[in-house]
Amino acid sequence: MHAINTLLSRPRRFASRRLVYLIFGLGLFAFAFFVLSPQEPVIAPADSPTGATPPKHESKHIVGEISDTLSKSILNPFREPAHAPSRQKQDTYKGTSWWADWKWLSVPFSSSVTFDEERALLPPLRERTPIYCYYDSTIKKPREEKDAESDLLRTWRRAWWAHGFRPVILSASEAISNPKYNELHRMDVDPDLKIDLMKWFAWESMGAGLLANYALVPMAPSDDPLLTFLRKGEYPSLTRWKGLDSGLLAGQDVEVNKVLRALLDSSSLTTAKSVIEIVGKEAFDIDKTPTSLAFYTPEAIKKGYSEVAGIFASSRAKGLSSLNKLINAHLHMVWQGRFPDGIEVLQPLPDHTTFMVEPALKLANSLGYCPENPIPYSCPPNVYRCKHCTAGSTSMKISTPSEYRNTSRVFSLGTVPHPWTVASLDNLEENIDVSWIVRKSSRDPWLEALTQKLLGSHVSGNLRVMRFKQAVADDHASTNALWVTAEREISMDLDWHFGFAIPHPEPKKTGEDAKEEKSKEKAIKDDSSRNAKREALAVKEASKPDLVPEEYVELVEEPVALTPEETKAKERSLLDEAKRIVNIPKLTRETKVRASLEAWNLADTEAWKFTRAYMARRLMERVEWEKEEAKYVGGAGSDKGRSAWSRWRDQKEQAS
Ligand SMILES: *[C@@H]1O[C@H](CO)[C@@H](O)[C@H](O)[C@H]1NC(C)=O
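Residues numbered from 1 in each chain as written. Predicted model: local features only at pLDDT ≥ 70, side-chain atom pairs only at ≥ 80, totals over all residues. Heavy atoms only, no water.

Draft legend 1. How the structure looks around unusual backbone geometry. The residue L428 is not glycine, and still its phi comes out positive at about 50°. Its place among the elements puts L428 in the loop between α15 (419-426) and α16 (434-440). We note that D444 has phi near 45°; this positive angle belongs to a residue other than glycine. As for its position among the elements, D444 is in the loop between α16 and α17 (445-450). (Helix = DSSP H or I, 4+ residues; strand = E, 2+ residues; numbered from the N terminus.)

Draft legend 2. Quick look at the sheet that holds strand β12 (residues 343-345). Read from one edge of the open sheet, four strands run β13-β12-β14-β15, paired in parallel fashion. What marks the edges here is a single partner per strand, and that holds for β13 (398-399) and β15 (481-485). Contacting β14 (411-416) and β15, helix α26 (residues 602-629) crosses the sheet at an angle of about 105° to β15. (Pairing = 2+ DSSP bridges. Contact = heavy atoms within 4.5 Å. Axes fitted to C-alpha atoms, helices over the stretch in contact; angles between N-to-C directions.)

Draft legend 3. Summary view of the pairing of strand β4 (residues 129-134). With five of six residues buried, β4 lies mostly within the body of the structure. By the bridge criterion, six bridges tie β4 to strand β5 (residues 165-170) in an arrangement that is parallel. When the bridges of β5 are listed, T129 appears paired with F165. Sheet analysis places β4 next to strand β6 (residues 208-212), joined by three bridges and oriented parallel. Looking at the pairing, C133 lines up with A212 of β6. (Buried < 20%, exposed > 50% of the residue type's maximum accessible area, 1.4 Å probe, protein only.)

Draft legend 4. Fine view of the site of the ligand. The full set of residues close to the ligand is N406, R467, Q470, A471, D474 and H476. For the ligand, an oxygen atom lies 2.8 Å from a polar atom in the side chain of R467. Measuring from an oxygen atom of the ligand, one finds a side-chain N or O atom of D474 at 2.8 Å. The fraction of the free accessible surface of the ligand (360 Å²) that becomes covered by protein chains is 63%. Of the residues in the shell around the ligand, the class split is one nonpolar, three polar and two charged. (Near = heavy atom within 4 Å. Polar contact = N/O pair within 3.5 Å; in protein donor to acceptor, adjacent residues only side chain to side chain. Areas by Shrake-Rupley, 256 points an atom, 1.4 Å probe, with all protein chains shown as cover. Nonpolar A, V, L, I, M, F, W, Y, C, P; charged D, E, K, R; others polar.)

Draft legend 5. Spotlight on the side chain of N324. For N324, the position within the fold is in helix α13 (residues 316-337). N324 has contacts with D151, L152 and T155, leaving out every residue within four places of it along the chain.

Draft legend 6. Main features of the sheet that holds strand β3 (residues 119-122). A sheet is described by the order of its strands in space; here three strands give the open sequence β1-β2-β3, paired in mixed fashion. Each end of this open sheet is capped by a strand with a single partner; those strands are β1 (92-93) and β3. Inspection of the sheet shows β1 paired to strand β2 (residues 96-100) by two bridges, in the antiparallel sense. By the bridge assignment, Y93 is partnered in β2 with T96. α26 contacts β1, β2 and β3 of the sheet and is inclined by roughly 90° relative to β2.

Draft legend 7. Structural context of the nonpolar core. L248 and Y296 are the most contacted members of the largest nonpolar core, which totals 71 residues. Per element, the largest residue contribution to this core is seven residues, and it comes from α13. Taken domain by domain, the makeup of this core includes at least three residues from each of domain 1 (129-295) and domain 2 (340-357 + 400-507 + 562-656). Excluding anything up to four places from it in sequence, L248 contacts I131, L210, L211, A212, L216, L230, T239, R240, W241 and L293. Ranked by size, the runner-up nonpolar core spans 45 residues in total, among them V107, Y404, W420 and A578. (Core = buried A, V, L, I, M, F, W, Y, C linked by side-chain atoms within 4.5 Å. Domains from an automatic or database assignment.)

Draft legend 8. Expanded view of the state of the cysteines. Within the structure shown, the criterion is met by one disulfide. Disulfide pairing is shown between C379 and C386; the S-S distance is 2.0 Å. Between C379 and C386 the sulfur-sulfur dihedral comes to about -95°; the bridge is accordingly left-handed. Residue classification places C379 among the buried residues on the basis of a relative accessible area of 15%. (Disulfide = S-S within 2.5 Å.)

Draft legend 9. Just the pattern of salt bridges, in detail. Counted under the stated rule, the structure contains 27 salt bridges. As a salt-bridge pair, K180 and E204 come within 3.0 Å of each other at their nearest N and O atoms. Here K180 is found in helix α6 (residues 180-186), whereas its partner E204 is found in helix α7 (residues 191-205), with 24 residues between them in sequence. The exposure classification of K180 matches that of E204, with both residues buried. Each of E118, E598, K609 and R612 takes part in a single network of salt bridges with overlapping partners. (Salt bridge = Lys/Arg side-chain N within 4 Å of Asp/Glu carboxyl O.)

Draft legend 10. Summary view of the environment of V107. Mapped onto the elements of the fold, V107 is located in the loop between β2 and α3 (111-114). Put simply, V107 and L463 are 356 residues apart on the chain and 9.9 Å apart in space, counted from C-alpha to C-alpha. Sequence-distant contacts of V107, that is, excluding residues within four places in its chain, are made with S112, V113, L121, M466 and K469.

Draft legend 11. Spatial organisation of α7. Between its terminal C-alpha atoms α7 stretches 21 Å, which fits the 21 Å expected from 15 residues at 1.5 Å a residue. The N-cap of α7, judged by a side-chain oxygen 2.8 Å from the amide nitrogen of D192 a few residues on, is D190. Phi turns positive one or two residues past the end of α7, at G207, with a value near 85°. (Expected span 1.5 Å × (residues − 1).)

Draft legend 12. Quick peek at the environment of E653. Note on placement: E653 falls in helix α27 (residues 644-655). On the basis of relative accessible area, E653 is assigned to the partly exposed category, the value being 28%. Placed 511 residues apart in sequence, E653 and P142 show a C-alpha to C-alpha distance of 9.0 Å.

Draft legend 13. The arrangement of α26 in detail. For α26, with 28 residues, the first-to-last C-alpha span of 40 Å sits near the 40 Å given by 1.5 Å per residue. With 23 of its 28 residues buried, α26 lies for the most part within the structure.

Draft legend 14. Seen up close, the packing of α15 against helix α25 (residues 589-600). Where α15 contacts α25, the axes come no closer than 9 Å and their chain directions differ by 90°. Here α25 runs roughly perpendicular to α15, going by the angle between their axes. Contacts between α15 and α25 involve P419, W420 and A423 from the former and E590, V593, R594 and L597 from the latter. A per-class count over the contact of α15 with α25 returns five nonpolar, no polar and two charged. (Parallel < 35°, antiparallel > 145°, perpendicular 65-115°, else oblique.)

Draft legend 15. Here's a closer look at the packing of aromatic side chains. The tally for this structure, following the rule as stated, stands at 20 aromatic pairs. Residues W104 and F610 carry aromatic rings whose centres are separated by 6.2 Å and whose planes lie at 10° to one another, so their mutual orientation is stacked. With W104 in the loop between β2 and α3 and F610 in helix α26, this residue pair connects regions lying 506 residues apart in the sequence. The same class applies to W104 and to F610, which are both buried. Here the aromatic rings of Y404 and W483 are separated by 5.8 Å at their centres, their planes lie at 55°, and the arrangement is tilted. Of this pair, Y404 sits in the loop between β13 and β14 while W483 sits in strand β15, and the two are 79 residues apart along the sequence. Exposure class is identical for Y404 and W483. Each is buried. (Phe/Tyr/Trp six-rings, centres within 6.5 Å; stacked < 30°, edge-to-face > 60°.)

Draft legend 16. The confidence of the model for the protein chain, seen in detail. When pLDDT is averaged along the protein chain, the result is 80, and 78% of the positions lie at 70 or above. Across residues 1-15 the pLDDT falls below 50, and counting only partners more than four positions away or on other chains, this stretch makes six contacts in the model. A low-confidence stretch, residues 509-514 stays under pLDDT 50, and its non-local contacts, those more than four residues away or across chains, total zero contacts. (pLDDT = per-residue confidence, 0-100.)

Next up, the structure:
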């Protein structure tokens, strides 16, 4: 019996070896077919100038184009140098570049407009309407008070920035540069009026526009009609709002000039206490009380927030800092209230992407967390009834669906992976090479899974890309969703994106420690379980001394099923590796395979590049502006707080 078996098994083993050769040969053939096939321009060099290899559906005349591609390719030594495509101002940030154009929603693939594989086509950056407030940093005050004011100014700036404005803090410098200031200098006026006039002078010298008090912040959905009107930046008449006093003014410089001219010539200049008092009601259009603006006047604080008022009475600096916390908590609560169905942390292909969406999930938890509030059961002054949030608890529902849905009832938080990350994680595959891509991987799996509910299963990649871009960057999306790429840290300007300081719930120390311990234990267990398997294998081998060869082969080749812990460890290491490969900037063997994978997944790649560029541009806009603004008013209201120089000056003043 044995003998027969051995006899039979020999030819069979040869057969199986031949089979391996055959499969290998077929694989090679398939590979060559896909590489050279005119229908599938998969492995076109990523940086070929024709760039946008048209999606497969439209590729009848690609035969010519491929040879075209090759002759134009940078790999071609006879290629003549070409001028680089034209560039726009400020179109690159930390290695990511873009081109802004109104065509962004009419072509699915950026490179057909930008002629550059790496340059994404973005919507034009929306012009931000300036909104001014006046803050005199030269007035003598204790240092703590000025620091607290600076924090409050930052809250003001952040809230208006998040609503699409360009908040600017004006100071005495702008007022003094107004020629009218010299006239005022010669007159004898009430100190209160003088402060008010300085504000108007500063406003006029900026060409007017919007002038707000820094205790006035927007608290409304961003499609609020008043905010939409204000964002347009066109104010046909000088306007005030009922109930806001001079908390918000809008107007053109011509009219402001007229008012100030009349005022400086007025006889009541020496007795009046404010500009509005002198010019009277007729000079303004008075609109009805807005529901979308919260104004924390001293009277409102006394009436509605007596705890804070109490703190003010004992120390102005402490009062300001308590008020700042209150405003921030209200801003956060109003934001939470806009999404009754909570936050959806999108996770298409959910099998092995837990670590990938972890940062987004963490952010969602922070956003859904109840903020620290000095008066927990209070509502903003412009809202009569609001949902209460007990500090330390979570007030929003957080879920991880695999499909994006377009509704204003949820806030969507998306993590967009590079095709490499998708391929390696979803298949738990370490060895990605061209033949694996062609044989094993599916095309654009991520985008297809994401848009399943939105678009169904029978639409082209083009349409999916277009709708995805809309979901990232159109007007609706900019307030209802945030998309980040999976391979970089989520950028730190998020407070400004949302318009309030996002709380960072203290990670429970003990929990963290326990986790670490567990993972150590797990590592040991993993090792021991692996050893156990190896031993079992060895035992099996040893116990069958006359093992038939094909059985032996089978035993070795059988993939050892991973335990859940091993799977997790593998997911983590694959994600780290994917991050490394996706972020390699120069041309290497790995980036060549990466380029092939990108060409295989045109739609997924476009989605990723679009998101990356959109994120980079947003961050750049913020960072540049922050740098610019920090130069004024001694840095008051900036991210870093007041400059060391102005704080030092205060100290000198205080000491003297
Ligand atoms: C979602 O809906 C809004 C309005 O209902 C629309 O403006 C927007 O374009 C839609 N977005 C997508 C991705 O379909």
